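Remarks on the overall topology
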Number of protein chains: 4
Amino acid sequence: MKAGGADVYLCASNPLSTQDDVAASLIKHYNIPVFAVKGENNEIYYKHINAVLDIKPQITMDDGADLITTVLLKRRDLLKGIIGGTEETTTGVVRLRAMARDKALAYPVIAVNDALTKHFFDNRYGTGQSAVDGIIRATNILLAGKAVVGAGYGWCGRGFAMRAKGLGARVIVTEVDHLKAIEAAMDGFEVMPMREAAKKGDIFVTLTGNLNVIDGSHFPLMKDGAIVCNGGHFNSEIDLKALKKMSKFVKSVRDFVDEYTLRNNKTLCVLGEGRLINLAAAEGHPASVMDMSFANQAFSVRYLVKNYKNLENNVHIVPEKLDNEIASLKLNSMGIKIDALTEEQKEYLNSWQLGT
Amino acid sequence: MKAGGADVYLCASNPLSTQDDVAASLIKHYNIPVFAVKGENNEIYYKHINAVLDIKPQITMDDGADLITTVLLKRRDLLKGIIGGTEETTTGVVRLRAMARDKALAYPVIAVNDALTKHFFDNRYGTGQSAVDGIIRATNILLAGKAVVGAGYGWCGRGFAMRAKGLGARVIVTEVDHLKAIEAAMDGFEVMPMREAAKKGDIFVTLTGNLNVIDGSHFPLMKDGAIVCNGGHFNSEIDLKALKKMSKFVKSVRDFVDEYTLRNNKTLCVLGEGRLINLAAAEGHPASVMDMSFANQAFSVRYLVKNYKNLENNVHIVPEKLDNEIASLKLNSMGIKIDALTEEQKEYLNSWQLGT
Amino acid sequence: MKAGGADVYLCASNPLSTQDDVAASLIKHYNIPVFAVKGENNEIYYKHINAVLDIKPQITMDDGADLITTVLLKRRDLLKGIIGGTEETTTGVVRLRAMARDKALAYPVIAVNDALTKHFFDNRYGTGQSAVDGIIRATNILLAGKAVVGAGYGWCGRGFAMRAKGLGARVIVTEVDHLKAIEAAMDGFEVMPMREAAKKGDIFVTLTGNLNVIDGSHFPLMKDGAIVCNGGHFNSEIDLKALKKMSKFVKSVRDFVDEYTLRNNKTLCVLGEGRLINLAAAEGHPASVMDMSFANQAFSVRYLVKNYKNLENNVHIVPEKLDNEIASLKLNSMGIKIDALTEEQKEYLNSWQLGT
Amino acid sequence: MKAGGADVYLCASNPLSTQDDVAASLIKHYNIPVFAVKGENNEIYYKHINAVLDIKPQITMDDGADLITTVLLKRRDLLKGIIGGTEETTTGVVRLRAMARDKALAYPVIAVNDALTKHFFDNRYGTGQSAVDGIIRATNILLAGKAVVGAGYGWCGRGFAMRAKGLGARVIVTEVDHLKAIEAAMDGFEVMPMREAAKKGDIFVTLTGNLNVIDGSHFPLMKDGAIVCNGGHFNSEIDLKALKKMSKFVKSVRDFVDEYTLRNNKTLCVLGEGRLINLAAAEGHPASVMDMSFANQAFSVRYLVKNYKNLENNVHIVPEKLDNEIASLKLNSMGIKIDALTEEQKEYLNSWQLGT
């Protein structure tokens, strides 16, 4: 963004997600102000959000929609200066569409998440690897032979299930959507409600964008020593308040691992305080999927600058042309060559007269 | 359809796809006239299509769009009686959209293929298993350790690649689409143009819906003994005319296996005369994916009967409500139970104020 | 064998395993007498075994040890002329070792099965693919999403589990050996006793070499419509007598599929009469694993002819040198090149002084 | 060991493998002297080995055989007090067998590595996960879509290949053994000599126990940016001396990542200075495979104490009975129940008369 001429200011999208050395480098080497520190509490987190808003941005770039929500709820004075925004995540897009339904969306926002070169890769291969990575870094547990429960079989959920299986785990999937449940079953996973899965899992990971997916009714059913973490978005996916209430004490047993001792003397380990495990205990997604996501961000901002006057205050998709351009650039950077349609083939696809 | 009150008449959608014993049973036990015989030539094939059209149908149900194409090109007299149609396949939908662009589509058609409960399952898990099955039945070849080239990474292509890998093959993917090519690479497959893949493959399968995907320029590059077949749609995916021209002789070495001896004395084996290998050498898709596809057909026809007056002469999707209903019925039939959203969760997904 | 100068006579090793067209071709084109017909009953089966013994062989080549057992129990007059034997299967080797323990083995036998170039490939990749193939040809069932119970996690069992998983099934393994059970679990399979698995499986396959692995106590626990078959060796792995006794009637619903209706009105489908499903319903193992197995047979016979005078009446392994020679020939035939140890590396592997 | 009554003294088996916090805890909480610090140089490493030898041990427990080699080459005075030893690794066992061939082995050693409950699990599932983990922690690279070259297809090599594939990599295997090369190919991997693989790989991992597996002839062939590391044993698997000689400069770009700039201006990244990547950049094998390995160590030491007088100065295997006992204990700890052979089945396996 900076190379393209923008003034860039950063805050965190998640209290545990900042890599402090990266933040320091952005400030020192790139002269980009960063208002974020790993492990900041909620108050500081919102203070930092307000700090970047204080510079009166023309464009907001969100990852979870906390920034735009703050604008809409508390900083409406800024609206006159803002020409548009972008959103990186599934969770954020769900919130934006709710805003749009409520007629609350006060400027056009591009759902970067919904670009094919974004969610096909970032959410699936990125989350797939990095969520598993976060669990292993936090616990050094062997996945082979473990029963791993993945809550949700969206793009993140199926990426995670695929990778956990690839490391030798037996994966159980929970879902609320019939179609995704059938897909999970046909991909070879066992599918059941969380109240059943709770009894069987060694490791639980929520990947839903919803809240209380693992709640107070599930904890008592779990095996002694079960591990619980979140690979979705906000730390509300696991009902930690309920867990705390039913626990005798909590003990930090390793970085990012809190051991809760329930009144029945069983212990449960919660990783990364229920925040995104790949950001809390690992380093987030690898560069080679984020490159496409961030290309979508950059292209979307350029598109906003050029076209904001014609865009309604709604959620917009990344134009297909930009999506395709990113795919083409990425494929090239991977050193992969593919076929091109011949003239004869193009014509065939546009005709219909020729059959058997 | 018959149980729902329809008069049903059948012809084949492909000259090699009829199972004669099934056809006989439909006639004998269900009193459904069938105009089809396995291995019929093109002339008979179209004669049979015209025979079912002679009964003056009100609804056409296609699998590849040969029926509707015949209506539009040669039997326009029937148009006044037809209220709508359905189409089962990707290939057929591509043709229908071309018709729509050409303003040639004379009645509304529902793209059954595009229902999620159809192409997610039938095209992926169905074609995946049955194409592999067709190859094994035709050749009894061991897939473990073989280099298998899959042309195309659409729903059928990825199903096939997944299953060939699952049987121990090393899969190479060719594509014309940048995005799908990146997906194939990130799914662990080698991606390259067909002219490179031609030198490396032991087995080639086209899954594209296009023509001449393997053509006269590729055959001479192939290894001695390479196997070539089609898992896509029409028998034009492989340019057999070119192959015949460059061959000294052709010999049938096993049911559904023709060995072509090229002038350079290398041999290539073509399976099922380049027609759909899962229909030619195996039994097509298993019932437990076709149940969802045919539920879409049945629901679509009911929908047409009730709503045809309000539908434009265009390609229509299966209403989401019907798609979801089928998913729910299917999941139930699989004996799988899942979670339901709580009221709190529904509300959360519809709200946007609550973030970090 | 014939090309090497042997007089060869064939009988079946299993009543359902003969491919009649192959038998006919061996007689007609190769002048090799074959005493076998697909589907022969037990009486004819043993009549045929005796017919080949009537030619007074010098070497017996077994696949399951029925031939040598007949010699030892009923045709001891032949012993003076026999210089040795070979055995192809795990099951046969288990029987031979029991003979050796009982001091009943009257001539040296080479356990071809135990050659690495045999059981690593034939039992694993061969059985893996062909057992799955047999099930699909018999039933055209979709494996994706099915719960498949594999009894046994030996070489055949793990080959089958690997391939069933590769086709999208959720595989449950039963075992009697602790070590193999841990391996199965760490390979991502669910492991449990058969009495538990019986309630969960859609498809059951025995791969044990033992008897009554699925017995009268298991059938009543199974789901309505469950499929039961044998991928191991003899048809005693499933207790069909017990099943018949508890059934109201049996009906053939498709080639190689018998539907048993239990007194509780649930139905179970038994494939291939409980005989080896890959031989009954498919074509047995592909040529590209049998080539190594049969090379072991041929090399072992040559070895016997040269060395029988020095071999005790015991079970012998294929000499490592022959095993390696076959590996080298096979790798070459696959067109694969590999590295060779450098002199420096050879020396390093033989030294011990050099460490950190 | 301590709980069993032993006096235990620890040194490192590898200069980079010590976790300093664990060492501190052993000293502080368990009163076990530890002579090791992460990153010690060779001189200190051997000084520490000599320090533990100074306590005049009765039993040596090795992981790579540096300890016993030091005894045999430099501390022969200790031999009179030593009753036996154990060895944990494939590499160490290769060295011990070389010692035995040279008649240099001066006391009995038990090859713990060769126990089934050790190398089937530790070397395969342990190294498989932890080598991948080490690479990801060192680089945060996405494995999906990368070409990963694994040198060696022994137990460690196949574990690594399995896990890299499970994370979406395209794995290429190099081997010197024909049999293992065929297995790798039939497991779906591409097999080729290192000089070919060198041109194709994005990431290279040696898992051989040999030296100079990647040497000066391979580096110039590699792609710009290729990553090279060792998952085998000693840091001699990669010829870093040759690499240094052909490099213009070396730069540390991240913890455990050294970037070598060759004279042709291509860069290569070497991880963990060519030492075991899972120990250097991650935390070694997870507890749930090391439990079986260490149970073998403990049982072997107990066995030595009781039986050393009857053991020759040779390499001994872990008695099968102990191996089975460990399997049984482990399975129990995993909460897995399995079947037991019935009396009828036991009898059947010991009989041979009953066939078809």
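Residue positions are given per chain, counted from 1 along the sequence in the order it is written. In the order they appear in the text, chains get letters beginning with A and ligands get numbers beginning with 1. Reporting of local features is limited, given that this is a predicted model, to residues whose pLDDT is at least 70; pairs of side-chain atoms are given and counted only at 80 or more, and all residues count toward the totals for whole chains, interfaces and linings. Only hydrogens and water are set aside when side-chain values are computed; all heavy atoms of the structure are taken into account.

Attention now goes to the UniProt feature "domain: S-adenosyl-L-homocysteine hydrolase NAD binding" (unreviewed entry) in chain A. According to UniProt, the feature "domain: S-adenosyl-L-homocysteine hydrolase NAD binding" (unreviewed entry) maps to residues 123-284 of chain A in the numbering used here. Helix and strand definitions here come from DSSP, where helices need a minimum of 4 consecutive H or I residues and strands a minimum of 2 consecutive E residues; each element is numbered from the N-terminal end. Helix makes up 34% of residues 123-284 of chain A and strand makes up 25%, while its end C-alpha atoms are separated by 11 Å. UniProt positions are given in the numbering used here, feature names are shortened, and annotations may be inferred rather than shown by experiment.

Attention now moves to the domain arrangement of chain A. All names here are of chain A. The domain limits used here are those given by an automatic or database domain assignment. Segmenting chain A into domains produces domain 1 (2-117 + 286-334) and domain 2 (125-281). For domain 1 versus domain 2, the separation of C-alpha centres amounts to 28 Å. Between two residues, a contact is recorded if the distance between any of their heavy atoms is within 4.5 Å. The partner domain 2 presents 12 residues to the 14 residues of domain 1 that form the contact. A simple way to read buried area is as the amount of 1.4 Å-probe accessible surface that goes missing from two parts once joined, with both sides added. Here domain 1 and domain 2 share an interface that buries about 1100 Å² over both sides, 65% of which is from carbon and sulfur atoms. Contact with domain 2 buries area across many residues of domain 1, yet N14, L16 and T91 alone supply 44% of it, more than any other trio. Here a polar contact means two N or O atoms within 3.5 Å. Within protein one must be a hydrogen donor candidate and the other an acceptor candidate, and residues neighboring in sequence count only if both atoms are side-chain atoms. For the interface between domain 1 and domain 2, the tally reads 2 residue pairs in polar contact (both at pLDDT 80 or more). Residues are grouped as follows: nonpolar covers Ala, Val, Leu, Ile, Met, Phe, Trp, Tyr, Cys and Pro; charged covers Asp, Glu, Lys and Arg; every other residue, Gly included, is treated as polar. Its residues placed into classes, the side of domain 1 that touches domain 2 shows 4 nonpolar, 6 polar and 4 charged.

It is worth spelling out the interface of chain C and chain B at this point. In this complex, chain C contributes 23 residues to the contact, which on the side of chain B involves 24 residues. Around 2000 Å² of area is buried between chain C and chain B when both sides are counted, 49% of it from carbon and sulfur atoms. Looking only at chain C, the three residues that lose the most surface to chain B are Q129, N140 and L142 of chain C, adding up to 30% of its buried area. We define a salt bridge as a side-chain nitrogen of Lys or Arg found within 4 Å of a carboxyl oxygen belonging to Asp or Glu. On inspection of chain C and its partner chain B, the count reaches 2 salt bridges. The residue E283 of chain C makes a salt bridge to R254 of chain B at a minimum N-O spacing of 2.6 Å. Sorting the residues of the side of chain C that touches chain B by element identifies α5 (116-139), α6 (155-166) and α11 (287-307) of chain C as the ones contributing at least two each. Among the elements that line the side of chain C that touches chain B, the one with the most residues is α5 of chain C, at 5 residues. Looking at the side of chain C that touches chain B residue by residue, the classes come out as 10 nonpolar, 7 polar and 6 charged.

For the least-squares superposition of copies, only C-alpha atoms count, and only for residues with pLDDT at least 70 in both. Of the transformation placing chain C onto chain B, the axial shift is 0.0 Å and the rotation is 180°, giving an RMSD of 0.0 Å. Classification of the inter-copy transformation places it as that of a two-fold axis. By C-alpha distance to the rotation axis, the residue of chain C lying nearest is G166 of chain C, at 1.8 Å. Here 100% of the interface residues in chain C have copies in chain B that are interface residues too; the copies meet face to matching face.

Of the pockets and cavities examined, the second largest pocket occupies roughly 1000 Å³. Of all elements in the fold, only α1 (20-30) and α5 (116-139) of chain B together with α5 and α10 (277-280) of chain C reach the threshold of two or more residues within the lining of the second largest pocket. Ranked by residue count, the leading element in the lining of the second largest pocket is α5 of chain C, at 3 residues. The class makeup of the residues in the lining of the second largest pocket is 11 nonpolar, 5 polar and 12 charged. Site definitions follow a grid-based scheme: protein atoms alone, a 1 Å grid, a 1.4 Å probe that fits but cannot get out for cavities, and for pockets an open set with protein on both sides within 12 Å along at least five of seven lines, plus lining residues having an atom within 4 Å of a point. Grid points are joined across faces, edges and corners, and a volume is the space filled by probe spheres set on the points.

Attention now goes to the sheet that holds strand β3 (residues 59-62) of chain D. Residue and element names in this part refer to chain D. Strands qualify as paired when DSSP identifies two bridges or more between them. With respect to topology, 4 strands assemble into an open sheet ordered β3-β4-β5-β14, the strand pairing being parallel. Sheet topology places β3 and β14 (315-316) at the edges, where each strand pairs with a single neighbour. By the bridge criterion, 2 bridges tie strand β5 (residues 109-111) to β14 in an arrangement that is parallel. Residue pairing for β14: I110 is matched across the bridge by H316. Packing of helix α3 (residues 66-74) onto the sheet brings it into contact with β3 and β5, and relative to β3 it is tilted by some 130°. Comment: axis = line fitted to C-alpha atoms, over the contacting stretch for helices; angle = value between 0 and 180 degrees taken between N-to-C directions.

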